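Chains, contacts and geometry: an overview
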Amino acid sequence: MSDDDVELEAQLARLLRLHDYVPQGTGDGALSPIALFQTDLTVWFSDGTDVDSISVVHREREDIQARLASLTEREQQVLSGVVAGRLNKQIASEMGIAERTVKIHRGRVMAKMAAASLAELVRLCERVGR
């Protein structure tokens, strides 16, 4: 296996983890991540039961996109700072507003995005590539 193949498999594994892919195969280590994914994908489509999952994921992403679209410009700026891991104080300084104002925007973002925690908010944003 060449270095390029190893790097490709590492990139694929990261991408699959980002999209919550959990291997369904035997996991005995005999198959590479790419081969395991291809096997799972073949079973997934031939089974027919999980094909509806595609539309569920699509609808979920559309729902997240709609929630993001409901944010004001300031709320989107605060969201970007929060997702980047910045503290309220840092976001306030960058935006030239009071820290209390950032807290208010952040609360509105959490409510509009229907996120119970910061971790959930970040996961929602990751699902739509933001």
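Since we're looking at a predicted model, the values are computed, not measured. (Residues numbered from 1 in each chain as written. Predicted model: local features only at pLDDT ≥ 70, side-chain atom pairs only at ≥ 80, totals over all residues. Heavy atoms only, no water.)

Turning to the overall build of the chain, a few remarks are in order. Of regular secondary structure, the chain possesses 7 helices and 0 strands. Sequence-ordered secondary structure for the chain, helices as α and strands as β, is α-α-α-α-α-α-α. Considering the chain as a whole, with its 130 residues, one finds that 23% of them fall into the buried category. For the chain, restricting intrachain contacts to residue pairs at least 6 apart in sequence, the fraction spanning at least 24 positions comes to 46%. Accessible area for the chain stands at about 8600 Å²; split by element, carbon and sulfur atoms hold 54% of it. (Helix = DSSP H or I, 4+ residues; strand = E, 2+ residues; numbered from the N terminus. Buried < 20%, exposed > 50% of the residue type's maximum accessible area, 1.4 Å probe, protein only. Contact = heavy atoms within 4.5 Å. Areas by Shrake-Rupley, 256 points an atom, 1.4 Å probe, with all protein chains shown as cover.)

The topology assignment puts Arg108 in helix H6 (residues 99-113). The class for Arg108 is partly exposed, based on a relative accessible area of 44%. The spatial distance from the C-alpha of Arg108 to the C-alpha of Glu75 is 7.5 Å, given a sequence separation of 33 residues.

Taking 1.5 Å as the rise per residue, H6 with 15 residues should run 21 Å; its terminal C-alpha atoms sit 21 Å apart, in good agreement. Those residues of H6 that sit buried are Val102, His105, Val109, Met110 and Met113. Projected onto a plane normal to the axis of H6, the buried residues spread over an arc of 140° and lie on a single side. Those residues of H6 that are exposed and aimed more than 90 degrees away from the buried face are Arg100 and Ala111. (Expected span 1.5 Å × (residues − 1). Arc of directions from axis to C-beta.)

Before going further, it helps to spend a moment on unusual backbone geometry. One non-glycine residue, Ala114, lies in the positive phi region at around 55°. Among the secondary structure elements, Ala114 is positioned in the loop between H6 and helix H7 (118-127).

Enumeration according to the criterion identifies 4 salt bridges in this entry. Between Arg127 and Glu60 there is a salt bridge whose closest N-O contact spans 3.4 Å. A residue pair is termed long-range when its members are at least 10 positions apart, and Arg127 in helix H7 and Glu60 in helix H3 (residues 51-69) qualify at 67 residues. The class for Arg127 is partly exposed, based on a relative accessible area of 28%. (Salt bridge = Lys/Arg side-chain N within 4 Å of Asp/Glu carboxyl O.)

It is worth spelling out the environment of Glu99 at this point. Along the chain, the position of Glu99 falls in helix H6. The class for Glu99 is partly exposed, based on a relative accessible area of 33%. In the structure, Glu99 is positioned 11 residues away from Asn88 in sequence and 6.0 Å away in space, judged by C-alpha atoms.

Our focus in this paragraph is the side chain of Glu75. With respect to the element layout, Glu75 can be found in helix H4 (residues 73-83). Of the polar contacts made by the side chain of Glu75, one reaches the side chain of Lys112; its length is 2.8 Å. Leaving out residues up to four positions away in the same chain, Glu75 has contacts with Ser70, His105, Arg108, Val109 and Lys112. (Polar contact = N/O pair within 3.5 Å; in protein donor to acceptor, adjacent residues only side chain to side chain.)

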